[in-house]
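Structural overview for review
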Amino acid sequence: MLDRLQSLAGRYEKLSELLCDPDVTSDNKRLRDYSKEQSDLQPAYEAFTEYKTVVEELEAAKAMQAEKLDDEMRDMVKMEIDELTTRQAELDDRIHVLLMPKDPNDEKNVIVEIRGAAGGDEAALFASDLYRMYTRYADNQGWRVELMDVNTNDLGGFKEVIFMINGRGAYSKMKYESGAHRVQRIPTTESGGRIHTSTSTVAVLPEVEALEIEIHDKDIRVDTFCSSGAGGQSVNTTKSAVRVTHVPTGIVATCQDGKSQNSNKDKALQVLRARISDMMRQEEDAKQAGERKSKVGTGDRSERIRTYNFPQSRVTDHRIGLTLHKLDQVMNGEIEEIISALNIAEQAELMDKGE
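Residues numbered from 1 in each chain as written. Predicted model: local features only at pLDDT ≥ 70, side-chain atom pairs only at ≥ 80, totals over all residues. Heavy atoms only, no water.

For the protein chain, the name recorded in an unreviewed UniProt entry is Peptide chain release factor 1, with Paenibacillus pini JCM 16418 as its organism. Here the protein chain is described in UniProt, under the heading Sequence similarities (unreviewed entry), as follows: "Belongs to the prokaryotic/mitochondrial release factor family." UniProt's Subcellular location (unreviewed entry) comment on the protein chain is quoted here verbatim: "Cytoplasm". (UniProt positions renumbered as here; feature names shortened; annotations may be inferred.)

Focus on the pattern of salt bridges
By the definition in use, this model includes 25 salt bridges. Among the salt bridges present, the one from Asp71 reaches Arg74, with a minimum N-O distance of 3.0 Å. Here Asp71 and its partner Arg74 are both found in helix α4 (residues 71-98), 3 residues apart, which amounts to about one turn of the helix. Within this structure, Lys36, Asp40, Glu107 and Arg168 form a network of salt bridges that share partners. (Salt bridge = Lys/Arg side-chain N within 4 Å of Asp/Glu carboxyl O. Helix = DSSP H or I, 4+ residues; strand = E, 2+ residues; numbered from the N terminus.)

Re the packing of aromatic side chains
All told, the structure shown has 5 aromatic pairs when counted by the stated rule. Where Tyr131 meets Phe158, the ring centres are 5.5 Å apart and the plane angle is 65°; that geometry is what we call edge-to-face. With Tyr131 in helix α5 (residues 121-141) and Phe158 in strand β3 (residues 158-166), the pair connects residues that are 27 residues apart, well separated along the chain. Each member of the pair, Tyr131 as well as Phe158, is classed as buried. Both rings, one in Tyr137 and one in Trp143, keep their centres 5.8 Å apart while their planes meet at 90°; by these two values the pair is edge-to-face. For Tyr137, a relative accessible area of 1% gives the class buried. Classification of Trp143 by relative accessible area gives buried; the value is 8%. In textbook terms, an aromatic cluster arises when at least three aromatic residues are bridged by ring pairs, as seen for Tyr131, Phe158 and Phe163. Taking the ring centre of Phe310 as reference, the NZ or CZ of Arg185 above it sits at 4.9 Å. (Phe/Tyr/Trp six-rings, centres within 6.5 Å; stacked < 30°, edge-to-face > 60°. Buried < 20%, exposed > 50% of the residue type's maximum accessible area, 1.4 Å probe, protein only. Lys NZ or Arg CZ within 6 Å of the ring centre and 35° of its normal.)

So, the environment of His181
Considering the arrangement of structural elements, one finds His181 in strand β4 (residues 179-185). Under the relative-accessibility criterion, His181 is labelled buried at 0%. On a C-alpha basis, the gap between His181 and Asp317 in space is 9.4 Å, while along the polypeptide they are 136 residues apart. There is a polar contact of 2.9 Å between the side chain of His181 and the backbone oxygen of Glu177. (Polar contact = N/O pair within 3.5 Å; in protein donor to acceptor, adjacent residues only side chain to side chain.)

Details of the sheet that holds strand β6 (residues 220-225)
If you walk across this open sheet you meet the 3 strands as β6-β7-β8, and the pairing is antiparallel. The sheet is open, and its two borders are formed by β6 and β8 (251-255), each paired with just one other strand. Averaged over neighbouring strand pairs, the angle between their axes works out to 15° when direction is ignored. The sheet contact formed by β6 and strand β7 (residues 241-246) spans 6 bridges and is antiparallel. Its bridge partner lying in β7, Thr224 is registered against Val242. (Pairing = 2+ DSSP bridges. Axes fitted to C-alpha atoms, helices over the stretch in contact; angles between N-to-C directions.)

As for the pairing of β8
Two faces belong to every sheet, and in a regular strand the side chains alternate between them. β8 sits mainly inside the fold: 4 of its 5 residues count as buried. Pairing of β7 with β8 involves 5 bridges; the strand directions are antiparallel. Across the sheet, the residue bridging to Arg243 is Thr254, located in β8. Adjacent in sequence and paired antiparallel, β7 and β8 are bridged by 4 residues, among which Gly250 carries a positive phi angle near 80°.

A few points about a negative patch on the surface
A cluster of like negative charges, contributed by Glu56, Glu57, Glu59, Glu80 and Glu83, occupies part of the molecular surface. Broken down by element, the negative patch gets its largest block of residues, 3 residues, from helix α3 (residues 28-65). By the element assignment, Glu83 lies in helix α4. (Patch = residues over 30% accessible without salt bridge, like charges linked within 9 Å, V, L, I, M, F, W, Y side chains within 5 Å. Areas by Shrake-Rupley, 256 points an atom, 1.4 Å probe, with all protein chains shown as cover. Lys, Arg positive; Asp, Glu negative; His and termini not counted. Charge placed at Lys NZ, Arg CZ, Asp CG, Glu CD.)

As structure tokens, this is what we get:
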């Protein structure tokens, strides 16, 4: 591990030199590539730098402990050794995590699909609540949300909503949200005051560049139609909405939120590439079904991952047994505590597996 860290530190310092080279600073592509590489290496470099300092200080403290000391000084040295030993162990764990192979999609933008499932109108209303939760979380992270397609019901709920979150590292956090989200509350449509259980599903797909999944014109069928809004009424009279069908797979993507047909077609193709890539990933997972999958990041949208209980103001993530009694904050986009806990659980699982 130390050899690998030393090599990493050498590369980080070399990049620092390169980023000061006039030949690099005048070349936008090299400057961007080197800056990103150094930024990716920085957490491990800083942890390694502190690790070396702690080891040196620990060795010095142990050497001092071997000398003749009065009781007060001996106690101070022992306390310092205990603190440094604890910090060394913490840094050792952190470095192991930082050196683990990263998901190649972690830095990508994401396409999020939310659909009302079991529960009719109430499921659609909850889907709109989830959309609001994620858009507020994205705002807190400094990310940009771009609505791509929405299908509403008469109550303003979302039967389906598709949107993109643009921001560095969006997939690394949002990937944990794929699955079935269950809500327990008294529906606005329920006059008897009985608690109902409804479900909405969330799918989080990493954005796929055109070079990664090539779609040939001969393999797609493009249909245009008028955009529609809540209740199905026409929003405009021009055929700006676009439906793209990938004939070989039968996968369909629709976009009607853009102001032009070309814009909607480009967005529909983005969704189409992401769905084709997701289908290929699922097929690959099926081939390797004998291997134990992560309980945290399977991405199976049929798996119930979380329950939102409104009467008790309780949110429970079933994958890690985490329960928070602050539903209002969570629904307002304050979900970082949940996502961080899922990330830590996944890292611990990977360490146990020796990956």
